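Analysis of the macromolecular model
What follows is each chain in one-letter form.
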Amino acid sequence: MRMLPGNVSEHLLANVVQEEGSVPKAVGWPRWWLAGLPFVYVLSPLAILGNLYLRQLPAAARLLLLIYAASQLLPALVAPDAAMATLLALGRTVFVTGLVGIGAQWGSTREVRWLGLGLGLTYALALGFSLLEGTDLWRQRLAHPYMTSVSLGLAGSAGLWLAAYAPGLRGWRWPLSLLALTILLLSGSRGALLAALLGLLAGALLKRWRAATALFVVAALGLLAFGLGGGQTNVAALDRLRTTDGSGRDVVWSNTLSVVQAYPWTGAGPYQLGRSITVPGEGCELFPSAQGDVTASCPAWLERLRNPWIIAHNGSLHQLAESGPLGLGGWALLFGTAMVVAVQRRDALGAAVLVGLTVANLNDNTTLVPSPFFAEVFWIVAGVQLRHLTALRFSHGAVSALLLAGLSWPVLSAAWPIPAERVNQDFGLAFLYAPTNASPESDYAVLARFAVPPGTYRASLNACTATCALLETRTFTVLPDQPAPTVRLVGRLWPDSRQRLELRLLSGQAGQGGRLGELARHTWFVEGTP
C-alpha cells in the first residue's frame, strides 16, 4: 500500500480529529475550582476568568453570546436605577459568559465529573452537621450550616446525574449514587426530586440504559407513586414529598407580578427584585440554613442592594421582573440553544444537567449566578455544547420559546385579573379593622374575620406603592357550625405618604381555587403621619 508523505498524513489526521470533535487539553485550574465549589461556594466569582477562553467558541456561539449580552444590557440602560442596573447587568453577563468560556475550553462534559469531589464533601458535611446538631431526621429535614434544603436536594440530584452518565468514575459510581439518593430524599425537596427524575430520563433517552440509570429511575418513580398515593412513612422529609402545596410561593409570584406591571419593558434591574418585594424594614440576609435558624447578615456594601438574593421562585418570572421581555428572550435563547445541541450530540450528562436544572426553574431559580454550585454547572455545561454550535437556526428559537412557555405555566394564572365583582367587595369579609392613618415608624395592625365555608384558608397583608411587598401571612381554619376566628396581621409599612394596602384571601394551599389560590382581595389606602 502506498504511504502518504508525513506532512500530508499529519494534516489528514488533524482534520479527522477535528471532525470527531476533539478539543485541546483542558486547563487544570477550573477542575479544582469546580471540585471545591459546592463545599466553599465563595469561590464562584473566579468563574469570570473563563472569559479568557471565549475565543475558542465558533462564530455562531459568539454571536449568540453577543445577543444574550445585548438583551441584558439594553433594558438595564433604561431601568429605574439605570446606573446601578447597568453595572449589575454587566457583572451578571460577564459571570455567565465566563462560565460558558470554561465549558468551551473543556469542550466535553467529561470534566464535570470533578464536581463529584465537592458534592461528596457537601454530603459528609450535611450528615455530620445534622448529627452534631441533634437533628431528628424522623421529624426534620436534613440540615446544613449554609445550604438550604433545596440546595441540598439539587446536590443530591447532581450526584445522581454524575453517577449515571459521567465517564471515568469507575468504582465510585455506586457509592456516589447511593449517598446522593440518600441526601436527595432526606432533603425533602420536591423540585429537586422532579429535576433528578427528568434529568435521568433525558440522559437515558440519548444513551443506552445502564443498570445504575434504571435503578435511579425506578426508585424515583416509586417515590413519586408513593407521593401521589398518599402513603405515610413517618419520616418528615419523605412525607413532605407527597404534598403539593407551593409553600407560599404563590404570594411571592403575585408580588413579583406587581414588579412586572410597574416596569413592564425594562424590569427593575438585575439583583433588584429584592428591593421591590422585600418587607419594609427587613434586613439583608446573606444565607439561611436548611432549618432557617442559622443566618449571616450581608456586609455593608451588599446591604445597599437590599436583599439581592431574593428570588421569584420561578426562573422565567424572575428574569422578566428584572430584565423585561428582551432579557427574558435572550436568556431563554441561550440555554434553549445549548439544550438543542446537547440532544444533537447525544451528550447524556449534558442533557441530564440542562434538562434537570431547567425543570427546577419551575419553582426556584437554578440559573441565577452566583449560586451554591448548580447555576455554575448549568452554564458550564451550556458552554460545552456551544463549543460545538455550527450555526444559529430557527429550531433553536422555537425550542427556546416552548421551554419558556413550559417554565411559565405556574404563574400564568396569576396574570389573569380577578373579576371586578370580587375586588373591593364584601367577598365574605364579616369584620375588618384597618386604620387609614399610620406612622411608618411603627407596626401597622389589621384585624379581619371572614364569612366563608368551613375549610383552611390563608390571609395575607400586602403593602403596595409602585410594587407590593408581603407584610404577613396567617393560616386559619373555619370549623363546621363554628364562627370563623379573627385574624391579626401586622407589618411595617413603606415610608411613603400614601400607599395601598391589600388584604388577600387565599386557599389553604397554593394552586387550589384557581389563580394561584387567591380567592378574593380587598384594598384600601393608608395616609402616612409624622
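Just above, that's the structure.
This structure is a prediction, so every number in the text was calculated from the model and none was measured.

**A short note on the overall build of the protein**
Helix and strand counts for the protein stand at 17 helices and ten strands. Across the 530 residues that make up the protein, the buried fraction comes to 52%. The long-range fraction of contacts in the protein, counting pairs at least 24 apart against all pairs at least 6 apart in sequence, stands at 74%.

**Quick notes on the packing of aromatic side chains**
If you walk through the whole model with that rule in mind, you get eleven aromatic pairs. Considering the side-chain rings of Y457 and F476, the 5.7 Å spacing of their centres and the 25° angle between planes classify their relative orientation as stacked. Highlighted residues: Y457 in strand 6 (residues 455–464) and F476 in strand 7 (residues 468–478), separated in sequence by 19 residues. Residue classification places Y457 among the buried residues on the basis of a relative accessible area of 10%. Ring-pair connections join several aromatic residues into one group, and the members of that group are Y68, W331, F335, F378 and W379.

**Quick word on the nonpolar core**
Across soluble globular proteins, nonpolar side chains have a tendency to be buried as a group. W161, F373, W379 and L386 are the most contacted members of the largest nonpolar core, which has 98 residues in total. Ranked by residue count, the leading element in this core is helix 14 (residues 315–344), at twelve residues. Contact partners of L386, with chain neighbours within four places excluded, come to L57, P58, A61, L64, V100, L334, T337 and A338. Formed by 26 residues, the second largest nonpolar core is a distinct cluster that contains Y457, A459, A463 and V487.

**With respect to unusual backbone geometry**
Residue V369 is joined to P370 through a cis peptide bond whose omega torsion reads -5°. Mapped onto the secondary structure, P370 falls in the loop between helix 15 (348–360) and helix 16 (374–386). One non-glycine residue, H313, lies in the positive phi region at around 60°. Along the chain, H313 falls in the loop between helix 13 (300–303) and helix 14. One non-glycine residue with positive phi stands out, namely R346, at about 55°. You can see R346 is positioned in the loop between helix 14 and helix 15.

**Some remarks on the sheet that holds strand 4 (residues 437–438)**
Strand order in the open sheet made by the five strands is 4-10-9-6-7, with mixed pairing throughout. Each of the sheet's edge strands pairs with one partner strand only, and the pair in question is strand 4 and strand 7. Here helix 11 (residues 249–262) sits on the sheet and contacts strand 6, strand 7, strand 9 (498–507) and strand 10 (518–528); the angle it forms with strand 7, its principal contact strand, is near 150°.

**Observations concerning a nonpolar patch on the surface**
A contiguous nonpolar patch, built from L46, I48, L49, L52, L90 and V94 and spanning about 500 Å² of accessible area, is present on the exposed surface. Topologically, V94 is positioned in helix 4 (residues 82–106). V94 sits in the partly exposed class, given a relative accessible area of 32%.

**Describing the side chain of R173**
Structurally, R173 can be placed in helix 7 (residues 173–187). Here R173 is buried and forms no salt bridge, its nearest opposite-charge partner D347 lying at an N-O distance of 12 Å. Only 2.7 Å separates the side chain of R173 from the backbone oxygen of A163, close enough to count as a polar contact.

**A short note on the pattern of salt bridges**
For the coordinates displayed, the defined rule picks out eleven salt bridges. In this structure, R500 engages E502 in a salt bridge whose closest nitrogen and oxygen atoms are separated by 3.0 Å. Beyond isolated ion pairs, a larger network of salt bridges with shared partners links R500, E502, R504 and R521.

What counts, and where the lines are drawn
Residues numbered from 1 in each chain as written. Predicted model: local features only at pLDDT ≥ 70, side-chain atom pairs only at ≥ 80, totals over all residues. Heavy atoms only, no water. Helix = DSSP H or I, 4+ residues; strand = E, 2+ residues; numbered from the N terminus. Buried < 20%, exposed > 50% of the residue type's maximum accessible area, 1.4 Å probe, protein only. Contact = heavy atoms within 4.5 Å. Phe/Tyr/Trp six-rings, centres within 6.5 Å; stacked < 30°, edge-to-face > 60°. Core = buried A, V, L, I, M, F, W, Y, C linked by side-chain atoms within 4.5 Å. Pairing = 2+ DSSP bridges. Axes fitted to C-alpha atoms, helices over the stretch in contact; angles between N-to-C directions. Patch = residues over 30% accessible without salt bridge, like charges linked within 9 Å, V, L, I, M, F, W, Y side chains within 5 Å. Areas by Shrake-Rupley, 256 points an atom, 1.4 Å probe, with all protein chains shown as cover. Salt bridge = Lys/Arg side-chain N within 4 Å of Asp/Glu carboxyl O. Lys, Arg positive; Asp, Glu negative; His and termini not counted. Polar contact = N/O pair within 3.5 Å; in protein donor to acceptor, adjacent residues only side chain to side chain.

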